[in-house]
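Summary of the model geometry
The primary structure of each chain is shown beneath.
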Amino acid sequence: MINKLNVVAAAVLAVGIHGSALATSIVPGQTELKGSPEALREFLHPRENRVSLSAQAEETAYSDIAIVSLVVSTKEKELAQSIEANGTLRDSIRKTMLAAGVSEEKINNSKFSSSPQYGWLGKKPASFEVVNRMAIEISTEAQLKAIAQITDQYEEVSLSGTEFKHSGKDAFMKQVKEKALAKIKDQQKLYEGQLNVQLTPVAFYDQNVGFRATQGASQIEEVVVTAQRSRESFVDSARSKSSFTSGRTFDEVKYTANITVEFKVVPK
């Protein structure tokens, strides 16, 4: 009898809380609760009071690494001659960059491709072109100047792209996360003091954490990739386009973190 009374009391209380969403049917020897899945869940497992606090943080760093891509294209009447000329030119570029302080493992070649060049008449190729791409990782302006001199010196070498990187990425990613979390902790202390409650963290979300080049950096990189060969050096060319940056330098990288922490609210 006591157990049946307890069940009836609980059912009545649930109906009072959820209105018509939950109903009970009492049959001798059997108790049944009816209602929507959400109403039943609330009745059996009441939700805790929770609140979410969010904060965003930003940090600006400066790239200290650039990966420069060069295209080496040679054309000769015979395929073997074109391959040999291409290899000789790439060896010369490698020696120049080694002398500029670039280590061997930071100079990479892609697999070469050859294509026959046909004349106006006849089926026999008039010449063979061999194309190879070199990716060179540099970290100083002197090394950048060495690449500029190579592209100015050889008609067979052209600049196809430049990618800027920041070697301190991991440290800055951690820094922006800590900065965003510190802002959330400040909010937590404020609400706890003003509302006389205790906030206990139970979950967090940090999907919006990453980095990107600033607008100025992106524009300069686009200029570098699409620019045609000229007799001015690559360094001077980049500097002459500085008006695109609107006060920002070409090597800026912005790190951002947007973090949300969910707290359980407990009255003090």
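Residues numbered from 1 in each chain as written. Predicted model: local features only at pLDDT ≥ 70, side-chain atom pairs only at ≥ 80, totals over all residues. Heavy atoms only, no water.

When pLDDT is averaged along the protein, the result is 76; 65% of the residues meet or exceed 70. Per-residue pLDDT, averaged within each element of the protein, yields its smallest value for helix α1 (residues 2-18) (43) and its largest for helix α5 (residues 169-195) (95). For residues 215-249, every residue scores under 50 in pLDDT, and the model assigns this stretch 47 contacts once sequence neighbours within four places are set aside. (pLDDT = per-residue confidence, 0-100. Helix = DSSP H or I, 4+ residues; strand = E, 2+ residues; numbered from the N terminus. Contact = heavy atoms within 4.5 Å.)

Now for the packing of helix α3 (residues 79-99) against helix α4 (residues 141-153). One way to put it is that α3 packs onto α4 with a least axis distance of 9 Å and a crossing angle of 155°. Comparing their axes, α4 and α3 come out roughly antiparallel. As for the relative orientation of α3 and α4, their crossing is right-handed in sense. Residues I93, T96 and M97 of α3 touch α4, and the partners they reach there are Q143, A146, I147 and I150. A per-class count over the contact of α3 with α4 returns five nonpolar, two polar and no charged. (Axes fitted to C-alpha atoms, helices over the stretch in contact; angles between N-to-C directions. Parallel < 35°, antiparallel > 145°, perpendicular 65-115°, else oblique. Left-handed = near helix turned anticlockwise from the far one by under 90°. Nonpolar A, V, L, I, M, F, W, Y, C, P; charged D, E, K, R; others polar.)

We now examine the pattern of salt bridges. Going through the model one piece at a time under the given rule, you end up with six salt bridges. Of the charged contacts, one joins E58 and K254 as a salt bridge, the two residues approaching to 3.8 Å between their closest N and O atoms. Of this pair, E58 sits in strand β3 (residues 50-62) while K254 sits in strand β10 (residues 252-267), and the two are 196 residues apart along the sequence. On the basis of relative accessible area, E58 is assigned to the partly exposed category, the value being 38%. (Salt bridge = Lys/Arg side-chain N within 4 Å of Asp/Glu carboxyl O. Buried < 20%, exposed > 50% of the residue type's maximum accessible area, 1.4 Å probe, protein only.)

The next thing to look at is α3. Helix length check: α3, at 21 residues, gives a terminal C-alpha distance of 31 Å against a target of 30 Å (1.5 Å per residue), a fit within 8%. What α3 keeps buried is the set S82, N86, G87, L89, R90, I93, R94 and M97. The arc enclosing the buried residues of α3, seen along the axis, measures out at 165°, which places them on a common side. The outward face of α3, more than 90 degrees from its buried face, is lined by the exposed residues A80, E84, T88, K95 and A99. If you follow the buried residues of α3, they end up packed against β4 (65-76), β5 (107-109), β7 (125-138), α4 and β8 (157-165). Downstream of α3 by a residue or two, G101 has a phi angle that is positive, lying close to 100°. (Expected span 1.5 Å × (residues − 1). Arc of directions from axis to C-beta.)

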